[in-house]
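Chain by chain, the residues:
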Amino acid sequence: MTSIPFPASAGVRWATADELPGLAAVEIAADGVFAQVGITFPAGTTMVEETDDPSRVLVAGDPPVGFAMFGWVDGNVHLDQLAVRPDHGRRGAGGRLVEAVCVHAASVGSAAVTLTTFRDVPWNGPWYGRRGFTVLDPAEWGPELAALVAHERDLGIELAPRVVMRRAL
């Protein structure tokens, strides 16, 4: 793992392998908030359960109250999942995690960070927009991003209008 040039006071750090299993509960709790806008996710494993690589996961708090999981898509860092426990929401953990992902992405040579999100859910598309992300037209998607969007649809995640967003670094 590379170090993140991010202040320790931000409370963001790399996850440990031992913490990964417990992060599923954070993701499930965060996903539960979507019920208030009529979105219920299909059954199955959480995204964080699908990785055993702590170098893809940043956490906020000790024990973690939130996490950001990322990978690479079309040559850019891609934010696969951002989750914060609802009882710790609206305290800045999500914003600190996104900023840490962007700092890390820049430090490893990524020109941008991409993500997929719900366009109209206030704590999704509009929230990322306030953090410098802009909606990408499908014509701007690379082949891996297009495949990822198709995969999300196949999984049943296209429950409300979704968009691809990008933040240049």
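Right, let's walk through the structure included here. (Residues numbered from 1 in each chain as written. Predicted model: local features only at pLDDT ≥ 70, side-chain atom pairs only at ≥ 80, totals over all residues. Heavy atoms only, no water.)

To continue, consider the overall build of the protein chain. For the protein chain, the count of helices and strands is four helices and seven strands. Reading the helices (α) and strands (β) of the protein chain from amino to carboxyl end gives β-α-β-β-β-α-β-α-β-α-β. For the C-alpha atoms alone, the extent of the protein chain along its principal axes is close to 40 × 35 × 30 Å. Expressed as a percentage of the 169 residues in the protein chain, the buried residues total 44%. Of the contacts made within the protein chain by residues no fewer than 6 positions apart, 70% connect residues no fewer than 24 positions apart. Summed over all atoms, the accessible surface of the protein chain reaches about 8,400 Å², with 55% contributed by carbon and sulfur. Placing the 13 positive and 20 negative side-chain charges of the protein chain at their respective mean positions leaves the two points 10 Å apart. (Helix = DSSP H or I, 4+ residues; strand = E, 2+ residues; numbered from the N terminus. Buried < 20%, exposed > 50% of the residue type's maximum accessible area, 1.4 Å probe, protein only. Contact = heavy atoms within 4.5 Å. Areas by Shrake-Rupley, 256 points an atom, 1.4 Å probe, with all protein chains shown as cover. Lys, Arg positive; Asp, Glu negative; His and termini not counted. Charge placed at Lys NZ, Arg CZ, Asp CG, Glu CD.)

Here the focus is the pattern of salt bridges. Under the definition given, this model contains seven salt bridges. Between Glu152 and Arg162 there is a salt bridge, with the nearest N and O atoms lying 3.1 Å from each other. Here Arg162 lies in strand β7 (residues 162–168) and Glu152 lies in helix α4 (residues 143–155), a separation of 10 residues in the sequence. When salt bridges with common partners are traced through the structure, they connect Arg13, Glu19 and Asp62 into a single cluster. (Salt bridge = Lys/Arg side-chain N within 4 Å of Asp/Glu carboxyl O.)

Here we take up helix α2 (residues 93–107). Since the α-helix advances by 3.6 residues per turn, residues separated by three or four positions end up pointing in the same direction. Spanning 15 residues, α2 covers 21 Å between terminal C-alpha atoms, matching the ideal 21 Å at 1.5 Å per step. Taken together, the buried positions of α2 are Ala93, Gly94, Gly95, Leu97, Val98, Ala100, Val101, Cys102, His104 and Ala105. In the stretch just after α2, Gly109 is the one whose phi turns positive, near 90 degrees. (Expected span 1.5 Å × (residues − 1).)

Let us now look at the packing of aromatic side chains. All told, the structure shown has seven aromatic pairs when counted by the stated rule. Seen from their ring centres, Phe41 and Phe118 are 6.1 Å apart, and the 50 degrees between their planes marks the pair as tilted. Residue Phe41 is located in the loop between α1 (20–32) and β2 (57–60), and its partner Phe118 is located in strand β5 (residues 112–118); the two are separated by 77 residues in the primary sequence. Linked through ring pairs, Phe34, Phe41, Phe118 and Trp123 together constitute an aromatic cluster. Against the face of Phe118 rests Arg162, its NZ or CZ located 4.5 Å from the ring centre. (Phe/Tyr/Trp six-rings, centres within 6.5 Å; stacked < 30°, edge-to-face > 60°. Lys NZ or Arg CZ within 6 Å of the ring centre and 35° of its normal.)

A separate point is the pairing of β2. Both faces of β2 are covered, namely the face carrying Val57 and Val59 and the face carrying Leu58 and Ala60. Strand direction decides the pairing type here: β2 and strand β3 (residues 66–73), joined by four bridges, are antiparallel. The partner of Ala60 across the bridge, within β3, is Gly66. Hairpin geometry of β2 and β3 is characterised by an intervening segment of five residues between the two adjacent antiparallel strands and by a positive phi of about 95 degrees at Gly61. (Pairing = 2+ DSSP bridges.)

The strands making up a sheet are joined through hydrogen bonds of the backbone, oriented either antiparallel or parallel. Strand order across the open sheet formed by seven strands is β1-β2-β3-β4-β5-β7-β6, with mixed pairing between neighbours. Across the chains shown, the open sheet's two edge strands, defined by having one partner strand only, are β1 (12–14) and β6 (134–136). Ignoring strand direction, the axes of neighbouring strands in this sheet form an average angle of 35 degrees. Strands in contact with α1 are β2, β3 and β4 (76–84); relative to β4, the strand with the most contacts, it is inclined by about 75 degrees. Running at roughly 160 degrees to β4, α2 makes contact with β1, β2, β3, β4, β5 and β7 of the sheet. (Axes fitted to C-alpha atoms, helices over the stretch in contact; angles between N-to-C directions.)

The quantities given are spatial measurements derived from coordinates; they are silent on function.
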